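# An overview of the molecular structure
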Amino acid sequence: MAVIERIFTWFEGRIDPLAPLPDRPVPRGALGYLWFFVSQARWAFLAMLVLGGITAVIEASLYVFVGDLVDRMQAGARDSFLRDNGLVLALMGLTILVLRPLAASLTALVEEQIVVPGFFNLVRFQGHEQVTAKSLAFFQDEFAGRISQKVWQSGQSAGDFMVSLLQIIWFIVVFALFTLSLASGLDGAVGVAVLIWLVLFGSAAWVFVPRIRKGAKASAHAASGVTGRLVDSYGNIQTLKLFSDAAHEDAGTRAAYRDFLASIRRFTRTLTGMRIAVNLLSGVMLTVIAVLIVSAWQAGTVTTGGVALVLALVLRLQVLLGRLMGQLNGLFRALGSLHDSAETITRPVTVTDRPDAPALTVHEGRIEFRNVSFHYGKDGGVIEGLSVTIAPGERVGIVGRSGAGKSTLVNLLLRFFDLESGRILIDGQDIALVTQSSLRAAIGLVTQDTALLHRSIADNIALGRPEAGEEAVRLAAARAHADGFIQELSDVRGRHGFAAHVGERGVKLSGGQRQRIAIARVLLKDAPILILDEATSALDSEIEAAIQDSLNSLMAEKTVIAIAHRLSTIAEMDRLLVMDKGRIVEDGSHEALLARGGLYAELWQRQSGGFLAADTFAGEVAPA
């Protein structure tokens, strides 16, 4: 058993499925994308190529043995048959008992121990690495379920393509050529008939395969659309149950399914036509070859063993050619699926680091926006010619009507999007010239819509500082006044407290609990620049007051940008920036802006008066 275990382990170690993405461009076309991964596992596939050819020759040789055995039995004496033919029979036995099982065993080891766990998952993991490197806009334009489906299917499709090509199609091609060679050697007319059969089969494949490839790509794309909608529904099930009409939601899902069914039906009609054509061709050619070989036997040019050999070979060939067309279907279905996945996975990254970009170094925390414009690719709007400087350690609040550009400004500072014009500097360093990872490591962010990963509470808090120990995690939770409810948490697997998992996007926690976890995360990260985007909006007044001291200590000696619709929460900031239509229209302290009697004073009046106009802060509540 130890020897068998070592054999398995050796084969399983030939491909590292978690190998990092090579530092070279990833091709976008299906075949180029496939070769990108195959080249990382070329020796495994070369082994499959060699083993597939050897297996085909061994398989065809068995029919040669049968024909030869028939002739020897017909010509020899029964009582001396074994003595006269011992060497030939021993060779047959060696082939059947040793060579054939050995080739089959090596083929199984290469496929099942190297390619399936290694190559399939290498494609998936490196596809995942490509996806996670995408810019934020990529994820805003796609279903998360659709992306994950394409990453997963890319590994399956690439692996299925190569296994089918080298282990099945290559085997059939070698067997067909071996059959053509043997048939031609026995009788020229039979050889010509086999050749015509193969040419006609190739012509049918030439007609059907492009249609199969096109249909496979279309059906794979439609299938990922259905998957994306299902995952979107499951991920937002609470919202759907609260707001969506079941019949309307069902109609949307049915529409996605109808698109998929229409695509798959067109595809399967092509497959059915192909199968009918191949079966008719095989029936005609089998009849022709049988007539020719029997005629040759009657003429005395072919032995009885020769007839047995040819008929056995062409019957086997008929089965294999039918299988080949099915494999071509699978081959190009896999290629179509891979193409569909590659188009998404290899989509260009819109926000990239420059070659040899240095890491951002924050000494003071000065932030400068210099004539910044950004329109999400449109002709205008959002942010227009904005310039402002935030001094080191300054606490700045940003207010304005909905759609004024507040959150966009934060996204630009985090470089989720590249500017269309202008520059953003941190301590004199252009954020477009430093690495994105170092930029975001220097910024702590708490947003209104707090999403947690379906991991433990401790993992979620330590996300920005994974090396932090348990004591530091617990201290951050206590400072965020989250330790009390954390101790009461448990999940379906019996994990408690900081080890409990929170569900997808933290659905097991209330909004206020999620926000306290997010605050604990930022407290632990302790970045020099802090962004609070409605950081306390989901907290009740008692909890907000309780953690205010923690937030104040968190903000100490940091450059702070705070966005809040409840103006009372940012009135104590050093300075307030009032945005309107992508520009800063007012700049000053709370008292100074009230005295000016401009837009800020108007917004403050409406909130303190207990009401909000619909065009001011749609859907937001006034401060208590």
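Because the structure is a prediction, the values reported are computed rather than measured. (Residues numbered from 1 in each chain as written. Predicted model: local features only at pLDDT ≥ 70, side-chain atom pairs only at ≥ 80, totals over all residues. Heavy atoms only, no water.)

What the chain contains, in helices and strands, is 20 helices and 10 strands. The C-alpha atoms of the chain give 35 Å as radius of gyration, which overshoots the globular expectation for 624 residues (25 Å, by more than 25%). In terms of principal-axis extent, the alpha carbons of the chain reach across some 120 × 55 × 50 Å. Across the 624 residues that make up the chain, the buried fraction comes to 45%. By element, 58% of the accessible surface of the chain is carried by carbon and sulfur atoms, the whole surface being about 30,800 Å². Computed over 58 positive and 60 negative side-chain charges, the separation of the two mean positions in the chain equals 8 Å. (Helix = DSSP H or I, 4+ residues; strand = E, 2+ residues; numbered from the N terminus. Rg over C-alpha atoms; globule rule 2.2 N^0.38 Å. Buried < 20%, exposed > 50% of the residue type's maximum accessible area, 1.4 Å probe, protein only. Areas by Shrake-Rupley, 256 points an atom, 1.4 Å probe, with all protein chains shown as cover. Lys, Arg positive; Asp, Glu negative; His and termini not counted. Charge placed at Lys NZ, Arg CZ, Asp CG, Glu CD.)

A word on unusual backbone geometry. Despite not being glycine, Asp526 shows a phi value in the positive range, around 55°. The exposure class assigned to Asp526 is partly exposed, which follows from its relative accessible area of 48%. Residues other than glycine seldom take positive phi values, yet Lys581 does so here, at roughly 55°. Taking relative accessible area as the criterion, Lys581 reaches 69% and is therefore assigned exposed.

Counting 83 residues, the largest nonpolar core has Phe45, Phe119, Val194 and Leu328 as its most contacted members. For this core, the secondary-structure elements that each account for two or more residues are α2 (30-38), α3 (42-75), α5 (86-132), α7 (144-186), α8 (188-235), α10 (246-298) and α11 (304-345). The leading source of residues in this core is α11, at 18 residues. The residues touching Phe119, leaving out its near neighbours within four places in the chain, are Ile15, Phe37, Val38, Ala41, Phe45, Ile114, Ala158, Gly159 and Met162. Counting 43 residues, the second-largest nonpolar core is a separate cluster that includes Val446, Leu509, Leu551 and Leu576. (Core = buried A, V, L, I, M, F, W, Y, C linked by side-chain atoms within 4.5 Å. Contact = heavy atoms within 4.5 Å.)

What follows concerns the pairing of strand β8 (residues 559-563). Counting buried positions along β8 yields 5 of 5 residues, so the element is predominantly enclosed. Across the two faces of β8 the burial is the same, with Thr559, Ile561 and Ile563 and Val560 and Ala562 all buried. Sheet analysis places strand β3 (residues 395-400) next to β8, joined by 4 bridges and oriented parallel. Looking at the pairing, Gly397 lines up with Ala562 of β8. Relative to β8, strand β7 (residues 529-533) runs parallel, the two sharing 5 bridges. Note that in β8 the partner of Leu530 across the bridge is Val560. (Pairing = 2+ DSSP bridges.)

Per the UniProt annotation, the sites labelled "transmembrane region" (unreviewed entry) are residues 43-66, 86-110, 161-183, 189-209, 276-299 and 305-325. Note that residues 43-66 is 100% helix and 0% strand, and that its end C-alpha atoms are spaced 35 Å apart. The span residues 305-325 shows a helical share of 100% and a strand share of 0%, and its end C-alpha atoms are spaced 30 Å apart. (UniProt positions renumbered as here; feature names shortened; annotations may be inferred.)

The next subject is the sheet that holds β7. Pairing between sheet strands relies on hydrogen bonds along the backbone, with the strands arranged either parallel or antiparallel. Read across the sheet, 6 strands follow the order β6-β7-β8-β3-β9-β10 without closing on themselves; strand pairing throughout is mixed. Looking at which strands have only one partner, the edges of the open sheet turn out to be β6 (443-446) and β10 (583-588). Geometrically, the sheet is characterised by an average inter-axis angle of 20° between neighbouring strands, direction not taken into account. Relative to the sheet, helix α17 (residues 511-525) contacts β6 and β7, its axis offset from that of β6 by approximately 170°. (Axes fitted to C-alpha atoms, helices over the stretch in contact; angles between N-to-C directions.)

Where helix α1 (residues 2-12) contacts α5, the two axes come as close as 8 Å, and the packing angle between them is 60°. On the basis of the axis angle, α1 is oblique to α5. For α1 against α5, the interelement crossing comes out right-handed. Side by side, α1 and α5 meet where Ile7, Phe8, Phe11 and Glu12 of the first sit next to Leu106, Leu109, Val110, Gln113 and Ile114 of the second. In terms of residue class, the contact of α1 with α5 is made up of 7 nonpolar, 1 polar and 1 charged. (Parallel < 35°, antiparallel > 145°, perpendicular 65-115°, else oblique. Left-handed = near helix turned anticlockwise from the far one by under 90°. Nonpolar A, V, L, I, M, F, W, Y, C, P; charged D, E, K, R; others polar.)

Successive side chains on a regular strand alternate, one facing one side of the sheet and the next facing the other. The buried count for strand β1 (residues 367-374) comes to 6 of 8 residues, which makes it a mostly enclosed element. One ladder, built from 5 bridges, connects β1 with strand β2 (residues 383-390); its direction is antiparallel. Bridge assignment links Phe374 to a residue of β2, and that residue is Ile383. Examined bridge by bridge, β1 and strand β4 (residues 421-426) share 5 bridges and lie antiparallel to one another.

Let us look at the side chain of Thr179. Looking at where Thr179 falls in the secondary structure, it is placed in helix α7. If sequence neighbours within four positions are ignored, Thr179 has contacts with Leu313 and Leu317.

A separate point is the pattern of salt bridges. Going through the model one piece at a time under the given rule, you end up with 16 salt bridges. Glu394 is the partner of Arg575 in a salt bridge, and the nearest nitrogen-oxygen pair spans 3.2 Å. Linking Arg575 in strand β9 (residues 575-580) with Glu394 in the loop between β2 and β3, this pair joins segments that are 181 residues apart in sequence. By the burial criterion, Arg575 is buried, and Glu394 matches it. Between Arg395 and Asp574 there is a salt bridge, with the nearest N and O atoms lying 3.8 Å from each other. One end of the pair, Arg395, is in strand β3; the other, Asp574, is in the loop between β8 and β9, and 179 residues separate them in sequence. The partly exposed category is assigned to Arg395, whose relative accessible area is 23%. Counted as one network, the salt bridges with shared partners bring together Arg401, Asp580, Glu602 and Arg606. (Salt bridge = Lys/Arg side-chain N within 4 Å of Asp/Glu carboxyl O.)

Moving on to α5. When the terminal C-alpha atoms of α5 are compared, their 65 Å separation across 47 residues agrees well with the 69 Å that a helix rising 1.5 Å per residue should span. Of all bends in α5, the biggest is about 50°, found at Val115, and the proline Pro117 comes one to four residues later. (Expected span 1.5 Å × (residues − 1). Bend = angle between axes of the 7 residues up to and from the residue.)

This next bit is on the sheet that holds β4. In space, the 4 strands of this open sheet follow the order β2-β1-β4-β5, with antiparallel pairing throughout. Edge strands, defined here as strands with exactly one partner in the open sheet, are β2 and β5 (429-430). Where helix α12 (residues 406-413) meets the sheet, its contacts fall on β1, β2 and β4, and the angle it forms with β1 comes to roughly 115°.

Any two aromatic rings considered together are summarised by their centre-to-centre distance and by the angle between their planes. This structure, assessed with the given rule, holds 9 aromatic pairs. The interplanar angle of 85° and the centroid separation of 5.1 Å between the aromatic rings of Trp10 and Phe11 together place this pair among those described as edge-to-face. Owing to a relative accessible area of 48%, Trp10 belongs among the partly exposed residues under this scheme. A relative accessible area of 12% means that Phe11 is categorised as buried. Summarising the aromatic geometry, the rings of Tyr33 and Phe37 are spaced 4.9 Å apart at their centres and angled 80° between planes, so their arrangement reads as edge-to-face. Here Tyr33 and its partner Phe37 are both found in helix α2, 4 residues apart, which amounts to about one turn of the helix. A cation over a ring is seen here: Arg14 above Trp10, with NZ or CZ 4.2 Å from the ring centre. (Phe/Tyr/Trp six-rings, centres within 6.5 Å; stacked < 30°, edge-to-face > 60°. Lys NZ or Arg CZ within 6 Å of the ring centre and 35° of its normal.)

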